[in-house]
Every structure is written in structure tokens, then in C-alpha cells.
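Now for the letters of each chain:
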Amino acid sequence: MPDPIVVELSRLQFAATAMYHFLFVPLTLGLSVVIAIMESVYVMTGREVWRKATLFWGTLFGVNFAMGVATGIVMEFQFGMNWSYYSQYVGDVFGAPLAIEGLMAFFLEATFIGLFFFGWDRLPKVGHLVVTWLVALGANFSALWILIANGWMQNPVGAALNPDTMRMEVYDFMAVIFNPVGQAKFVHTVSAGYVTGSMFVLAISALFLLQKRHRDIALRSMVVAASFGLAAALSVVVLGDESGYLTTQDQKMKLAAMENMDVTEPAPASFTLFAFPTGNGQTVEIRVPWVLGLISTRSLDKEVPGIADLVDGAEARIRNGIVAYKALAAIKLNPQDAGARATFAASSKDFGYALLLKQFRPDVENATAAEIRGAAEYTVPDRWPLFWSFRLMVGIGFLLIAFFAYWFWQASRQRLEARRWALWLAVAALPLPWLAIEGGWFLAEFGRQPWVVEGVLPTFYAASGLHLWDLVISLGFYVTLYTVLAVIMVWLMVRIVKAGPGNKFALSPDAGEPTGTPELEIQPAE
Amino acid sequence: MHTIPLDYETLRVIWWALLGVLLSGFAVMGGMDLGVGTLLPFAAKTDEERRLLINLSGPTWEGNQVWLVLGGGAIFAAWPVIYAVSFSGFYLAMIAILLALILRPVGFKFRGKVADPRWRTAWDWALFIGGFVPSLIFGVAVGNAVLGVPFNFDDSLRASYSGNFFQLLTPFALLAGLLSLAMLVTQGATIIAMRTRGPVAERARRYGGMAAFATAVLFILGGLACLLLVKGYVILDGAAVNGPSNPMHKTVDVITGAWMYNYASYPVLLLVPGLAVAGSVVAWLGLRYRRGVLGLIGSSLAIVGIIASVGVSMFPFILPSSLDPRASLTVWDASSSQLTLFIMLLVTVVFMPIILAYTAWVYRVMRGPVTADGLSRNPNAY
């Protein structure tokens, strides 16, 4: 058993590095497609302004992409570094999508990204366009495989515990790939990425319009961003609803916790719009009748179970898990014990629940009734962070539909510059997609606690047996380096935006300040 | 259940070989960029010279690094317990590698965006660290794997590691680290010599020649150490080649010189270390006599020979345990399930040729010498 403080710091480190990495990934997803659209228009119309737009947004894309690559490599390695028991216990299932991501997606994206920047004068127009689309395709495929892996942590299908190797092994690979949770997460997440990319382009273009600079590029960029953004914002919410529906089926506890729902209500359940704890164990709530039942069960007669019922259910599964645990001990003593193997096969789906007892005692089979009850109550995640991160995400999601609808409408009337206050609002709205995305990621991962793999492996049991100092040193390094890089990146992006499209950036020390540097034409090969 | 057309033993050997292919792929492809990074302050003195080197790696280094990412993913998928034990056991060494690798993408991308010499010098150092530190530590890690690593398992197969960062720095492991550094510097030097002109290429030839010589000498010294000093591991019994992946069913003996036993059983395997030495000599000749392609081929063959020598010497061991030799991880007891190995093999067989094809195409598009004039024409150059 790893030291509890090591577990907490490992969780903190994983959350910090993943959420930091996830600041750059959605922008890569969205901006790669926006750029590919712009370059497509350039190739079809041959108009120079679209090439300039592609180059300008491409420069910003490059800075963001570098940060994504820098922080992404950490993700690939830290499962083994900080979560070694997890890696060994589920690597047979979880490793495969990560490796396929490398083979199918990241190779494509990373090989062609160089050509995107260096291939302008070496490729024909259409050739370069194909390269740009391949980068976008690679980025999106990448998200698919990562979310298939993550979907399995939420809904571990197609695998079972093998008593001889003490780990989860795949028996149905198609079930892992076509896991509905993974698929729903994929479309929800890439749509959120498209919203982010659109917002980025829209907000910076609005700034140009306010400053009355680069009007030609800003107006065209805004049209692309508003239409693509509106489609994406609608898709995020519609497909997010699919995520919610699946959560009801597979992760009932996550739903009950994020709804702060202690007891099962008669169907159809009401949706809590807002709730505040009053300090004496009670809460003040505003509830909307029927809504939760409708969105989460798509019916008027199915119940959404409350926390108390789910804890009782967990207790039953812990008791069944102890049966599996005892059978496993018998198999270890005598691998030929057919009776023990039959018992194990029947009860092993609850083996993970027995592992919850490891926090109280190593000899799980001797757990007291109080310990079993304690472990069952431990399956309830902290509800208030979930409650609010969910509402933050959904609130911003709806707001952004209205936002992009407004700009789409203005774009179709060719009145993008009509209202300066609206342009200022567009600039100010820049951080919104990131807030929603980080809220959503937090909701998905924190809501899965105390499990690292839902119902299969508790988080506290999955960590590496590292020393406190290992974590202090690594966390210190990450925080320092990531903070410095964030400051540099933002400074650099501001500088690039200030210089604006058409200006090359200081390429040699004698080139002077970028704003004063005349544009250097490049000749695309015909 | 599926029927799997390849037996478990064959799949395990294939994935052992593929692990070598992926590590060699990274060392050959990514090694060019790591070597360029390490040589950056030495082979290039002025900003213009350094830009030549940075833009030599610039268009292709990201694709090359995916070999490492894929290597990590493939170890996770095919050898999960090795991924788990080695990455957590070498924790602080891995952190050092990661911090160095984090500096690379930003170094390449950010350096050229600001003209201030202090800014550029700072990123030059970042790129140097990003090349030098991983080159050295990868070798130290492999050296420790050859020596055996202090870990054991409890009865739920949870690994405990009882070493620390400083215990990794034994003389043999440092020798392996220097070997890895010399080998990757040679690789970087050969690509610089091939694709640049003038004083930068000259300096690369000089340093590369020294590195190629050092590679051969350090490799032979390492081999002698394995013969005379280093304890090797031998499986006595209990290893079922088709059995479940549970390392605790075998017994293992530890004997000085045992890493040479495979060569005694199959003398033809001596061609593998022979390739490592011959490749280094060819690299040296290519650099000395200005045959750019020959240098790169020699250096690449040396890399393949060195990595394959480690694999062949240790087979079937991959990560021996010095603390509890029974717990050593081998080809027969550390793999994924038969189904996972088979599916991953299918995916690899389909995608690896595609990857090689488009990588070759990208190199073709970017072919030719890197010159200051060419850089001034590309506003996206680093």
C-alpha cells in the first residue's frame, strides 16, 4: 500500500499536469480544423488574403502546438511513473489504445506538422493543403484513441480479472473500441475543441476590428469562426447530453453526487438548478421538476437513484467482492481448485469493491461490518466540487450557443463591426471555453473517484510506492517549469497578435522589432 | 473467445523484437535530433550557424520523437509490468528526462520568434539540455537494466522498488550512459555533416569522429565488463514459454559472465556486437572522408547493433531483479495477454509501413542542404 500522502500528491500531480496539457489540446483540435478550412478557401479561390490568414493563425497554432507536445510527453510516461500498479493491473487493456494512438494518429500529426511550416515553398498548393488536413486529421484521431482509453476507465467493458496474472485482461477488443462512453466522450471533446478554436479566432479578430487593423483578414476569419463555432457549440451540448445519459447508466454515483441527490426521488426526478449548503447539514435549493429524469433516463417513469441507495448497493458488492477475494486466495494455494475458480468467475466482477477495504486492513477477508460500511460510504465522491463544475460547464455551454448564434447572425447580415460593445464582449469571452473544458474534465475524472477504473481498481491502491521526496521534487519541478513556460507562451502570443498578420517575426538579431519588419513574401510553388 | 492464429511464445518473441525495433527507431531517428542538440553549442558558434542546425532538425524532429512516444505506448501495451516497474523505479531519472524533453518543442518553436541575443542563447542552452540529458540518462537506465534493478513483488504482484536515484550511478551504468551519449552524438554529427556546408559541417566531422571512436571503445569496454565483472542472470526452471504472465513461478541463478552465455550457445550471434563495432568504424570513415551518406548509415547500423547486443545478451531477460532474482521480468512472463499481443501486432503490421512511407516522403520533400539563404526565404523557419 502506498503512503496516503504520496497518493494525494500523485493525484494532485496527475490532475495538474493533465489539466495543464488540456489547455493546449482543445485549441490544437479546433485551430487545426479552422486553419485547414481557411487554406481550403485559399486553394479554391486563390485569394491572397486567405493565405495570409492561414499563415497568421498557423503561427499562433505552432506556439500552442509546441506547448501541447511538451506537456503531452509527460502524460505518456507518468502512468508508469506514478501509477505503476495501475499500469500493470490494466496495461493489457489500457496500453493498447495509447499505443494505437501513437501508430495511427500522433505519428501522422507530428510528421506532417513540420511540413506545414516548412513546406510552403516546397509543395504545390494542393499538396500543402493535403498536409494541413492530415495534421488536423491526426490531431482528431489522437483524441479518439485517448478518449477510448479514458472511456474504458469510466466504463470498463470487454475485460476481466485473470487470477493467474493478477490483472485485467481483454477478452473483447471491439467492446473496448466501441465503448459507448468513449465514443460519446470523443465527439463531445472534439466539439469542445472546435468551440475553443473558433473562440480563439473570433476574439482575436474582434480585437483587430476594434483596433481597426487587418480588417480584411479579421472579417473573413470571423465568418469562419462564427459559423464553425455555432455548429460546434450546438454539437457540444447535444452530444454532452449523450454523455449525461450514459453516465446514468454506468456511473450512477457520479450523477447522484453531482446532483447532490441523497435519496432516490419518485420518477421523473427534478433537476437542482442551484443549491447552497447552509451549514447545519441542510441546503437551500432551487429545483426544476422532471428535468433530471428526462435528460438522464429519457423517460418519465425511470428513477434516478440517490446516494443512500447507491451506498447500499456498493455494500452488497463489497460483500460479494470478499467472496471473490477468498476464492482468489484458494486459487493461489491450489491453482487446480476448480470449485474456487468457479466461485471466482461468478464473483470477480466485484473484486475491485473488496480492494476498497485495503485502506482499513491488508486481510480483506476478515473485514468487520463497520469497515464494510465505511468502504461503501467511501464510494461517494465529494459532491460540491462536482455540483459546481457541472453547472459551470453546462452554463458556459449554453451561453456559447447564444454567443456564436449572435455572431453567425451578424456575419450573415455583414454587420460584424456594427456594435463596438459586442466586439469588446467577444474579446472578453476568450477564456470561457477553457473554463468549461477544465470544468468538464474535472467533472469526469473527479466524479469517478474513489476509483481510478470504475468499480475495478481504487485510486489509492493504484499508485506507485514512491517516497514523499520523489513527489515533492517532481511536483516542484513541474510547477516551476510549467509556470515559466505559461508566462513565456502568453507573452509570445500577445507579441504575435500585436505584430499581426503579414509581419514576419524577427528572424535574425538585426531584423529589429517585429512590428516594423516589412512582410517577406514567400512564393508558393505552382 | 477468439481463436488466435499465432501461439503465445511466437507472439512474445515478436514483441520482444518489436521493442528493439521501436527503441532502435527512436535512437536512429530521434537520435539525429538529440545529437544535434548536444552538438549545438560546440558545432555552431554564431546565431546564423545555430539557426542552420535548429532548422536542420526543425521540420522533422517532431515526427522523430514519436518513436519515443510510441516506444512508451508499446511497452505499456505489450510489456505492462516492465513499463510499470522501470518507469516508477527510475522515477527521478525519468523526471530529469521529461524536463529535458519538455524544453525541446518550446526551444525549437520559441527561439526564433524574438531577436534578442539573450533570449536566443537561453533557448540554445535549453536545446542543449534537451539533447544531452536524455542521451546520457537513457544509457544509464539501460546500464542499470543490464546490472539488475532492486525490486520485488508482493502476493498481489505489486512491485516495490528499493533503490534511489544516486544508486543508479554505478561505474558500469555511467559507462553505458557515456556510450549512449557518444552513439547519439555520432548520429547527430553525421546528419550535420551530410546536410550543412562550411565550418559547421567541419566541426561536426571533428566531434563526430571522436564520438564514433569513443562509441566503439566504450562498447568494447562494456562487453569486457559483462564478460568479466557483471553478474548475468540464468533461468533454472519454471519458465513456461506459453504460460500466464506471472514472473513468480520460476527460479533464477546469478552468475558472473552469464550475459555471454547466449553467444556461447549460438556463436553466430557474435555478428550483432560485430555490427555495432563495424558500424562505428564505418561512421568514423564516412565522417573522416566526407562521405555523408556512408557516415549516417554506419552510425545508424552501430546504433542498431548496440541496442540489439543488449537484447541478445540478456534474452530472455528484459529487466532482471537484483533484489529477488526470481522476480526478474523476462520475455516469457512479463508480456500482455495473447489476444492483446496479437491485436497490437495486426495494428503495427498495418500502420508501420504507412508511417515509414510518409516519413520517407517528408524527408524527400525536405531534402537538400540547409543554407542561410534557404532559411531567409521561409518566414516559418525557426
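Residues numbered from 1 in each chain as written. Chains lettered and ligands numbered in written order. Predicted model: local features only at pLDDT ≥ 70, side-chain atom pairs only at ≥ 80, totals over all residues. Heavy atoms only, no water.

**Student:** What's the story with the overall build of chain A in this structure? I'm lost.
**Tutor:** Looking only at helices and strands, one finds 18 helices and six strands in chain A. Against the globule reference of 24 Å for 526 residues, chain A gives a C-alpha radius of gyration of 26 Å, in line with a compact fold. Each principal axis of the C-alpha distribution contributes one length, and for chain A these read about 80 × 50 × 40 Å. The buried share of chain A, reckoned over its 526 residues, is 62%. Across chain A, every contact between residues at least 6 apart in sequence was considered, and the portion connecting residues at least 24 apart equals 77%. Here chain A displays about 19600 Å² of accessible surface, and carbon together with sulfur accounts for 67% of that area. A gap of 8 Å separates the mean positions of the 36 positive and 42 negative side-chain charges of chain A. (Helix = DSSP H or I, 4+ residues; strand = E, 2+ residues; numbered from the N terminus. Rg over C-alpha atoms; globule rule 2.2 N^0.38 Å. Buried < 20%, exposed > 50% of the residue type's maximum accessible area, 1.4 Å probe, protein only. Contact = heavy atoms within 4.5 Å. Areas by Shrake-Rupley, 256 points an atom, 1.4 Å probe, with all protein chains shown as cover. Lys, Arg positive; Asp, Glu negative; His and termini not counted. Charge placed at Lys NZ, Arg CZ, Asp CG, Glu CD.)

**Student:** For this particular structure, what's the right way to read the overall build of chain B?
**Tutor:** In terms of regular secondary structure, chain B is built from 13 helices and six strands. Taken against the 2.2 N^0.38 rule, which gives 21 Å for 382 residues, the C-alpha radius of gyration of chain B at 21 Å falls within 12% of a compact globule. With the C-alpha coordinates of chain B rotated into their principal frame, the extents come out at 65 × 50 × 40 Å. Within chain B, the proportion of its 382 residues that are buried is 63%. Across chain B, the fraction of contacts at a sequence separation of at least 24, relative to all contacts at a separation of at least 6, is 80%. When the accessible surface of chain B is summed, it comes to about 13900 Å², and 71% of that surface belongs to carbon and sulfur atoms.

**Student:** Is there a simple way to think about the environment of Phe-94 of chain A in this case?
**Tutor:** Here Phe-94 of chain A is to be found in helix H3 (residues 84–118). When neighbours within four sequence positions are excluded, Phe-94 of chain A is seen to be in contact with Phe-79, Tyr-86, Ala-149, Asn-150 and Met-153 of chain A together with Phe-76 of chain B.

**Student:** Looking at this model, I keep getting lost on unusual backbone geometry. Mind explaining?
**Tutor:** Across residues other than glycine, the phi torsion is negative in most instances, and most of the peptide bonds are trans. With an omega of 10°, the peptide bond running from Gln-449 of chain A to Pro-450 of chain A counts as cis. Position of Pro-450 of chain A relative to the elements: it lies in the loop between helix H16 (432–446) and strand S5 (451–453). Geometrically, the link from Phe-315 of chain B to Pro-316 of chain B is a cis peptide bond, its omega value of 0° lying close to zero. Mapped onto the secondary structure, Pro-316 of chain B falls in the loop between helix H11 (292–314) and strand S5 (317–319). Despite not being glycine, Leu-157 of chain B has its phi angle at roughly 60°, a positive value. Positionally, Leu-157 of chain B belongs in the loop between strand S1 (151–153) and strand S2 (159–161).

**Student:** Explain the nonpolar core to me, please; I cannot follow it from the model alone.
**Tutor:** As a rule of thumb, soluble globular proteins bury nonpolar side chains together. If you look at the biggest cluster of nonpolar residues, it comprises 286 residues, and the most contacted ones within it are Tyr-86 and Tyr-89 of chain A. If near-sequence neighbours (up to four positions away) are discounted, Tyr-86 of chain A is found in contact with Phe-79, Gly-91, Phe-94, Met-153, Val-452, Val-453, Leu-457 and Ala-462 of chain A together with Phe-76 of chain B. Core analysis: the second largest hydrophobic core is formed by 13 residues, Leu-255, Leu-292, Phe-390 and Met-393 of chain A among them. (Core = buried A, V, L, I, M, F, W, Y, C linked by side-chain atoms within 4.5 Å.)

**Student:** Whenever I open this one, a nonpolar patch on the surface confuses me. Can you help?
**Tutor:** Residues and elements named next belong to chain B. Residues Phe-213, Val-217, Ile-220, Leu-221, Leu-224, Leu-227, Leu-228, Leu-229, Val-281, Trp-284, Leu-285 and Tyr-289 make up a contiguous nonpolar surface patch of about 1200 Å² in total accessible area. Where the nonpolar patch is concerned, the elements lending two or more residues are helix H8 (199–228) and helix H10 (271–288). Mapped onto the elements, Ile-220 comes out in helix H8. Judged by its relative accessible area of 43%, Ile-220 falls in the partly exposed class. (Patch = residues over 30% accessible without salt bridge, like charges linked within 9 Å, V, L, I, M, F, W, Y side chains within 5 Å. Salt bridge = Lys/Arg side-chain N within 4 Å of Asp/Glu carboxyl O.)

**Student:** Whenever I open this one, the interface of chain B and chain A confuses me. Can you help?
**Tutor:** Many descriptions give the size of an interface as the accessible area lost when the pieces come together. The partner chain A presents 91 residues to the 83 residues of chain B that form the contact. With both chains or domains summed, chain B and chain A bury close to 7800 Å², and 71% of this area falls on carbon and sulfur atoms. Viewed at the interface, chain A and chain B are joined by zero salt bridges. Broken down by secondary-structure element, the contributors of at least two residues to the side of chain B that touches chain A are helix H2 (47–57), helix H3 (61–78), helix H4 (80–89), helix H5 (91–111), helix H6 (117–147) and helix H12 (338–365) of chain B. Of the residues belonging to the side of chain B that touches chain A, the class tally is 52 nonpolar, 21 polar and 10 charged. (Buried area = accessible area lost by both parts, 1.4 Å probe. Nonpolar A, V, L, I, M, F, W, Y, C, P; charged D, E, K, R; others polar.)

**Student:** Please explain the pairing of strand S2 (residues 167–170) of chain A as it appears in this structure.
**Tutor:** Moving residue by residue along a regular strand, the side chains alternate between the two faces of the sheet. Residue and element names in this part refer to chain A. What you see with S2 is no split at all: Arg-167 and Glu-169 on one side and Met-168 and Val-170 on the other are buried throughout. The pairing of strand S1 (residues 159–162) with S2 spans four bridges and is antiparallel. Bridge pairing in S2 places Leu-161 opposite Met-168. Taking the residues that link successive antiparallel strands as the turn, the S1-S2 hairpin has four residues, and the phi of Met-166 there is positive, at about 55°. (Pairing = 2+ DSSP bridges.)

**Student:** Help me understand the packing of H8 of chain B against H10 of chain B in this model?
**Tutor:** Two packed helices can be described by the angle between their axes and the distance between those axes. All names here are of chain B. At a minimum axis separation of 9 Å, H8 and H10 run at an interaxial angle of 165°. Viewed along their axes, H8 and H10 adopt a mutual orientation that is roughly antiparallel. Here H8 and H10 pass one another in a crossing that is left-handed. On the side of H8, the interface is formed by Arg-205, Gly-208, Gly-209, Ala-212, Thr-215, Ala-216, Phe-219 and Ile-220, while H10 contributes Pro-273, Ala-276, Val-277, Ser-280, Ala-283, Trp-284 and Leu-287. (Axes fitted to C-alpha atoms, helices over the stretch in contact; angles between N-to-C directions. Parallel < 35°, antiparallel > 145°, perpendicular 65-115°, else oblique. Left-handed = near helix turned anticlockwise from the far one by under 90°.)

**Student:** Whenever I open this one, the packing of H3 of chain A against H4 of chain B confuses me. Can you help?
**Tutor:** Viewed as axis vectors pointing N to C, H3 of chain A and H4 of chain B meet at an angle of 165°, and their least axial separation amounts to 8 Å. By the angle between their directions, the pair H3 of chain A and H4 of chain B is classed as roughly antiparallel. Considering only the axes of H3 of chain A and H4 of chain B, their crossing is right-handed. Of the residues in H4 of chain B, those touching H3 of chain A at Ser-84, Ser-87, Gln-88, Gly-91 and Asp-92 of chain A are Pro-80, Val-81, Tyr-83, Ala-84 and Ser-88 of chain B. Among the residues making up the contact of H3 of chain A with H4 of chain B, the classes are represented as four nonpolar, five polar and one charged.

**Student:** Looking at this structure, I do not really get the side chain of Thr-190 of chain B. What am I missing?
**Tutor:** Along the polypeptide, Thr-190 of chain B turns up in helix H7 (residues 171–195). Apart from residues lying up to four places away in sequence, Thr-190 of chain B is in contact with Leu-287, Gly-292, Gly-295, Leu-296 and Ser-299 of chain B.

**Student:** I keep staring at the pattern of salt bridges and nothing clicks. Help me out?
**Tutor:** All names here are of chain A. The tally for this structure, following the rule as stated, stands at 24 salt bridges over all chains. For Arg-51, the salt bridge is made with Glu-48, and the minimal N-O distance between the two is 2.5 Å. Taken together, the positions of Arg-51 and Glu-48, both in helix H2 (residues 48–82) and three residues apart, correspond to about one turn of that helix. Accessibility expressed as a relative area gives 1% for Arg-51, which makes it buried. Residue Glu-48 is classed as partly exposed on the basis of its relative accessible area, which comes to 34%. One salt bridge in this structure joins Glu-371 and Arg-361, with 2.9 Å as the shortest N-O distance. Here Glu-371, found in helix H13 (residues 369–377), pairs with Arg-361, found in the loop between helix H12 (351–355) and H13; they are 10 residues apart in sequence, far enough to count as distant.

**Student:** Please clarify how the packing of aromatic side chains should be interpreted in this entry.
**Tutor:** Note on aromatic pairs: each is described by the distance of the centres and the angle between the planes. All told, the structure shown has 54 aromatic pairs over all chains when counted by the stated rule. Seen from their ring centres, Phe-14 of chain A and Phe-79 of chain A are 5.5 Å apart, and the 55° between their planes marks the pair as tilted. Of the two residues, Phe-14 of chain A is situated in helix H1 (residues 4–45) and Phe-79 of chain A in helix H2; the sequence distance between them amounts to 65 residues. A centroid spacing of 5.8 Å and a plane angle of 90° characterise the contact between Phe-110 of chain B and Trp-123 of chain B, whose relative ring orientation is edge-to-face. Of this pair, Phe-110 of chain B sits in helix H5 while Trp-123 of chain B sits in helix H6, placing them 13 residues apart in sequence. In this pair, the class of Phe-110 of chain B matches that of Trp-123 of chain B, namely buried. (Phe/Tyr/Trp six-rings, centres within 6.5 Å; stacked < 30°, edge-to-face > 60°.)

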